[in-house]
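Structural characterization, general
Residues per chain, in single letters:
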Amino acid sequence: MKGKFKKNNEQLSDMSRTNEGLPFAQTTVQSELRGFHPRALLIQGKKVIDGAVNGYLKWVRLSKEDAAVIYLKKANSYEIEGNYEKAIFFFRKVLALKQGDESIYYRIGECFEKMEMYEEAVESYQASLEINNDHFDAWFRLGMIYSKAEDYDKAIDCLKVATEIDPNNPEANYRLGIAYDNRKQYEKALSCFKKVIEIDPSFVKVYKSIGFTCDSIGRHKEAIKYFKKAIELEEM
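Structure report, in brief.

Definitions and cut-offs
- Residues numbered from 1 in each chain as written.
- Predicted model: local features only at pLDDT ≥ 70, side-chain atom pairs only at ≥ 80, totals over all residues.
- Heavy atoms only, no water.
- Helix = DSSP H or I, 4+ residues; strand = E, 2+ residues; numbered from the N terminus.
- Expected span 1.5 Å × (residues − 1).
- Buried < 20%, exposed > 50% of the residue type's maximum accessible area, 1.4 Å probe, protein only.
- Arc of directions from axis to C-beta.
- Axes fitted to C-alpha atoms, helices over the stretch in contact; angles between N-to-C directions.
- Parallel < 35°, antiparallel > 145°, perpendicular 65-115°, else oblique.
- Left-handed = near helix turned anticlockwise from the far one by under 90°.
- Contact = heavy atoms within 4.5 Å.
- Nonpolar A, V, L, I, M, F, W, Y, C, P; charged D, E, K, R; others polar.
- Phe/Tyr/Trp six-rings, centres within 6.5 Å; stacked < 30°, edge-to-face > 60°.

**Some details on helix α11 (residues 186-199)**
Helix length check: α11 (14 residues) gives 20 Å between terminal C-alpha atoms against 20 Å at 1.5 Å per residue, within 8%. Where α11 is concerned, the buried positions are Tyr-186, Ala-189, Leu-190, Cys-192, Phe-193, Val-196 and Ile-197. Taken down its axis, α11 places every buried residue within 160° of arc, on the same side. Opposite the packed face of α11, turned more than 90 degrees from it, sit the exposed residues Glu-187 and Glu-198.

This is the structure we're talking about:
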């Protein structure tokens, strides 16, 4: 294997002296990777592939677009595996090549949130929103983080924006209702919950939430009605 690497290195060094060499070098790398992949799996698995890819990236002057695609694939792979630190590392490499991509900031925020690093997640989601203020998912995730921290005023602010961007999203309206309920703003909570029923009448947990909210303000008969409806839907 060392011989193959040495041979490729010599070829690429020669080719770098001319402009015509680069396209051929890229084709060579792609061809070698296709052949190398199954053998690497039999020897040392993913670590060998990572080392090979990194080596080729050093030898070949890939375009920013091609390099970003490779880094993004590696980030996606690590995120699927649950290795969020490595995923963040490669997402940041993508950002270095594709500055201003709000989706990558959002993906980094997701990784931080899964690691329960909420301050870093908030920073990443906010960075996404600085580029695209209409990013529904970023507003929604911020609302969920603030709800978890019991900072319901900030949660309400974020979830209100999310429901303005996507008024017919049942989960966003439901979570906004829960935040209002925790702030003891019961009528606003009920308004959100009933909007959820308009959007999705089969949304079981909202009937329970209405029942609890009605019970909190002394509307017991109404509470019973919604609890019964929740039971009916669960039995269907």
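**Digging into the packing of α11 against helix α12 (residues 204-216)**
Contact geometry of α11 with α12 gives a least axis separation of 10 Å together with a crossing angle of 155°. Classified by the angle their axes make, α11 and α12 are roughly antiparallel. The hand of the α11/α12 crossing is left-handed. Along the contact surface, α11 presents Tyr-186, Leu-190, Phe-193, Lys-194, Val-196 and Ile-197, while α12 presents Val-206, Tyr-207, Ser-209, Ile-210, Thr-213, Cys-214 and Ser-216. Classifying every residue of the contact of α11 with α12 by side-chain character gives nine nonpolar, three polar and one charged.

**A few points about unusual backbone geometry**
One non-glycine residue, Glu-150, lies in positive phi territory at about 60°. Looking at the secondary structure, you find Glu-150 in the loop between α8 (136-148) and α9 (152-165). Overall, Glu-150 belongs to the exposed group, its relative accessible area being 59%. Positive phi is not limited to glycine here, since Lys-184 has a value of about 60°. Mapped onto the fold, Lys-184 is located in the loop between α10 (170-182) and α11. The class for Lys-184 is exposed, based on a relative accessible area of 60%.

**Quick look at the packing of aromatic side chains**
The final tally for this structure, using the stated rule, is nine aromatic pairs. Aromatic pair Tyr-174 and Phe-193: ring centres 5.7 Å apart, planes at 40°, arrangement tilted. Residue Tyr-174 is located in helix α10, and its partner Phe-193 is located in helix α11; the two are separated by 19 residues in the primary sequence. Taking relative accessible area as the criterion, Tyr-174 reaches 7% and is therefore assigned buried. Accessibility expressed as a relative area gives 0% for Phe-193, which makes it buried.

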